[in-house]
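Each chain is listed here by its residues.
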Amino acid sequence: MRRPSKRALGWYVDVGNETRRLMFTLAHAHGTLLALVNIVVGLTVRILDRFALRSSVSFALIWAAILLPGGFFLGGIVIYDGDPGLGVWLVPVGAALLFYSITRIAIDLSRRK
Amino acid sequence: MSLLIISVGEIVRKLSRSWWQGLFVIAAVAAASVLTLISLYGFRREAISPENRPIQSRIAGYVSSNACGACHPGNYASWHASFHRTMTQVATPASLPPEMDKLELAFNGREYKAERRGDKFFVRTRAEGSGNYGEPQQVVLVTGSHTLQVPWLETGEGRTLQQFPFGYIVAEKMWAPMSQTFLLPPNVKEYYYVGAWNGACMDCHVTQGQSRFVADNKWDSQVAEFGIACEACHSEGREHIERNRNPIRRFKIHLTTKSDPTVTNPASLKGPESGLACGQCHSVWAFNDMTDKIDFNRHGAAFRPGARNLAQRFVVQPNAPDHREQKDFIHRTEPDFFHNRFWGDGMIRVTGREFNGVQGSPCFRGGEFSCISCHEMHLDSPGQADVKTWARTGQLKPKMDSDAACLQCHKDLSARLVAHTHHSADSSGSRCYNCHMPRTTFGLLHAMRSHQVSSPTVQESLAYGRPNACNLCHLDQTLAWAAQNLHAWYNQPMPELSQDDRTIAAAVQWILKGDAGQRVLIAWGMGWESAQKTAGRDWLYPYLIYTMTDTYAAVRFDAWKSLQTLPGFSDFRFNFTAPESSLSESAKRAYEKWLREVRKVNAVYRSETAIDSDGRFQQDVFQRLRSERDEKPIFLAE
């Protein structure tokens, strides 16, 4: 295997690229957690009787799982010193979708007879 | 109070089901209280500013590098690795030279003994040979870090500092009297007066210092930050931080080419303004008048990077038409001011004032050339060395230690290099720096490249005594030889030359009969590898060994260091601060070693070197040149 060049390593490990490392860490963590959320929701639907996901909730949940970690990841590719790149603006969109889906599921579950 | 006790009792009763649980809750609360009090006491103790030294304080608009580091971690890290940061530090075991607590030194009739108490260091002094040491003075600050470290002592007079009269030469791991680490006449023993740090050093060794004179050499000095920090070059950061709390503003700036008006970036300024950001310290400057001096003293510098002039101050260029009145005043009140800093034609001759040279360069007139044409204050360029190498090599941009520096603009010369230089392409004579930025400035015990880009002439040596670039490399050649070549190659006029200038190598003349400023440059130059390759090494020994007995300590030091670069002497030990008798003894030892162990029996010495076939000085020439030595005191005020 070829050794990564000093410059390529520096792109990630240099002290000035702290923001990039943070963004990638957040992307990793959110990707993992949202995958788990999706699994839990899927199992919930499967286990519970008389409970179905609205299509909007399903859509929001899937896109939250893409946009949240994706935003962090894209935000880490181009950084401006302490600021992430433009891609980070996808994060609040993903967060809003996640909030909607979880809230909707909670309401639907509480109304279930 | 009783209500409080009842309430606490009630809470404890509710929280606990038995007496021992209650006891546990009370003990936990008590322990937490004690720990909180201890923390508060420690915090308060740290927050109390020491009264025996200058302090960092909240100077309007300045926020310190810590605030910058949060958003600019890369730039913060490269600055942190640079020696700008450590130009002044609070004295701690980490910032002071190693084993300072074991120090026992004597100089100029006084003995000094250092001791350590916890993390603090103290110095006691006494007259040499007398009884007890006096009261301890705390070592409170240290200036310099990579070449020379200078500790500063409390004086008991407010925040006024006194210099510890020894400096630590980092490369040699040795202490030397401060007066012997500068090019000073041998009769000058004390270099810094009490209060010198407050009155002079802090003008440039801190960020936005306010020396704040009180009375009778008592100072209440405060600084925005010790060392040269972010805000020295980028202006104060408070407004920048406050306005950039808004992420939309930040992204607007990131996504457009607009620069942020709340902060200055010297890298995006035009040459003169960019250079002045460095030149606010790296220049010989003077105050416009007494009012400005007082204002500077009370409020700090009014100059902010980006401005076109130094506000209360001006860059002193002896031959420039500006500030005539002020320069006349300096001439009258401090007659040696110019001589101690400039060559006769106005070229700077002391280290650390590079902006004078940059400003005096023809390149500067183009409006683009500045310090950052070759240097960078952060590791911005691709291909940059690791941060430590970058910091130790003048914070140069990649390849800027080569011809690439000049070829940025003089692109056409790379195609006709040999035709221009008249040296082979791989010769040191074809390196732009060696001819156009020769080592004619001096400071911190070594010769440094002039930052005034110029072309070598013999006239500069004849008229002003400045060793020209040709003879700084061709140490074994005469001025006549240099003049003939410069005439033949560049059509320079032939100067009138003396018989000595035609027959004796220029370097031999400078090191024997030159003033201390010339001698020190040649002593250093004889250790320069390029010069040794060009002019040969064998004949340098006797000159360097003889120069180790020079009356100027700095000249002796450089002669010794150059001697160490020659075969057979790399591990030669020599105390350049020793008394005269000891110096002669060391020189004798070195000469014997050379004569018996190192000298090549069949070595041939050019007649211009004034060394005879036995390797001895041609006595008539040596004695005559030595008797003609220019003994005028030289005081290079770095």
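(A) A look at the packing of aromatic side chains. Residues and elements named next belong to chain B. Overall, the coordinates contain 33 aromatic pairs over all chains when judged by the stated rule. An angle of 10° between the planes, with centres 4.4 Å apart, marks the rings of Phe617 and Phe622 as stacked. When its relative accessible area of 13% is taken as the criterion, Phe617 is described as buried. Chaining the aromatic ring pairs together yields one cluster made of Phe107, Tyr112, Phe164, Phe166, Tyr168 and Trp175.

(B) Representation of helix α2 (residues 18-47) of chain A in the model. End to end, α2 of chain A covers 43 Å across 30 residues, agreeing with the expected 44 Å (1.5 Å per residue, within 8%). Among the residues making up α2 of chain A, those that are buried are Thr19, Arg20, Met23, Phe24, Ala27, Leu34 and Val41 of chain A.

(C) Molecular detail of the pattern of salt bridges. Residues and elements named next belong to chain B. All chains considered together, the criterion is met by 35 salt bridges over all chains. One salt bridge in this structure joins Asp412 and Arg416, with 3.0 Å as the shortest N-O distance. Arg416 sits in the partly exposed class, given a relative accessible area of 42%. Across the salt bridge formed by Asp538 and Lys600, the nearest N and O atoms sit 3.7 Å from each other. One end of the pair, Asp538, is in the loop between α23 (529-535) and α24 (540-547); the other, Lys600, is in the loop between α26 (580-598) and α27 (619-627), and 62 residues separate them in sequence. Through salt bridges that share partners, Asp500, Lys513, Arg624 and Glu628 make up one connected network.

(D) Molecular detail of the domain arrangement of chain B. Residue and element names in this part refer to chain B. According to the domain assignment, chain B contains domain 1 (65-224) and domain 2 (434-627). When each unit is reduced to the centre of its C-alpha atoms, the spacing between domain 1 and domain 2 is 34 Å. Contacts between domain 1 and domain 2 engage 14 residues on the former and 18 residues on the latter. Of the roughly 1,200 Å² buried at the junction of domain 1 and domain 2 (both faces included), carbon and sulfur atoms supply 72%. Taken as a group, Glu172, Gln180 and Leu183 account for 48% of the area that domain 1 buries against domain 2, more than any other trio of residues on that side. The tally of links from domain 1 across to domain 2 stands at 1 salt bridge. Residue Lys561 is joined to Glu172 by a salt bridge in which the shortest nitrogen-to-oxygen separation is 2.8 Å. At the surface where domain 1 touches domain 2, the tally comes to 1 residue pair in polar contact (both at pLDDT 80 or more). Per element, the largest residue contribution to the side of domain 1 that touches domain 2 is 3 residues, and it comes from strand β10 (residues 174-177). Across the side of domain 1 that touches domain 2, the residue classes break down as 10 nonpolar, 3 polar and 1 charged.

(E) Layout of the interface of chain A and chain B. Opposite the 14 residues of chain A that make contact, chain B presents 12 residues. The junction of chain A with chain B conceals about 1,100 Å² of combined surface from both sides, 65% of it contributed by carbon and sulfur atoms. Among the residues of chain A in contact with chain B, Tyr80, Asp81 and Asp83 of chain A are the three that bury the most area, contributing 42% of the side total. Note that Asp83 of chain A is salt-bridged to Arg250 of chain B, the shortest N-O span being 2.5 Å. For the side of chain A that touches chain B, the residue count by class is 6 nonpolar, 3 polar and 5 charged.

(F) Layout of the pairing of strand β6 (residues 137-143) of chain B. All names here are of chain B. Across the 7 residues of β6, 7 count as buried, placing the element largely inside the fold. Summarising the sheet, strand β5 (residues 120-127) and β6 pair through 3 bridges and their orientation is antiparallel. What sits directly across from Val123, in β6, is Gln137. Relative to strand β7 (residues 148-154), β6 runs antiparallel, the two sharing 4 bridges. When the bridges of β7 are listed, Leu141 appears paired with Trp152. In textbook terms, the turn of a hairpin is the stretch between consecutive antiparallel strands, and for β6 and β7 this stretch comprises 4 residues, one of which, Gly144, has a positive phi near 80°.

Each value, and the rule that gives it
- Residues numbered from 1 in each chain as written.
- Chains lettered and ligands numbered in written order.
- Predicted model: local features only at pLDDT ≥ 70, side-chain atom pairs only at ≥ 80, totals over all residues.
- Heavy atoms only, no water.
- Phe/Tyr/Trp six-rings, centres within 6.5 Å; stacked < 30°, edge-to-face > 60°.
- Buried < 20%, exposed > 50% of the residue type's maximum accessible area, 1.4 Å probe, protein only.
- Helix = DSSP H or I, 4+ residues; strand = E, 2+ residues; numbered from the N terminus.
- Expected span 1.5 Å × (residues − 1).
- Salt bridge = Lys/Arg side-chain N within 4 Å of Asp/Glu carboxyl O.
- Domains from an automatic or database assignment.
- Contact = heavy atoms within 4.5 Å.
- Buried area = accessible area lost by both parts, 1.4 Å probe.
- Polar contact = N/O pair within 3.5 Å; in protein donor to acceptor, adjacent residues only side chain to side chain.
- Nonpolar A, V, L, I, M, F, W, Y, C, P; charged D, E, K, R; others polar.
- Pairing = 2+ DSSP bridges.

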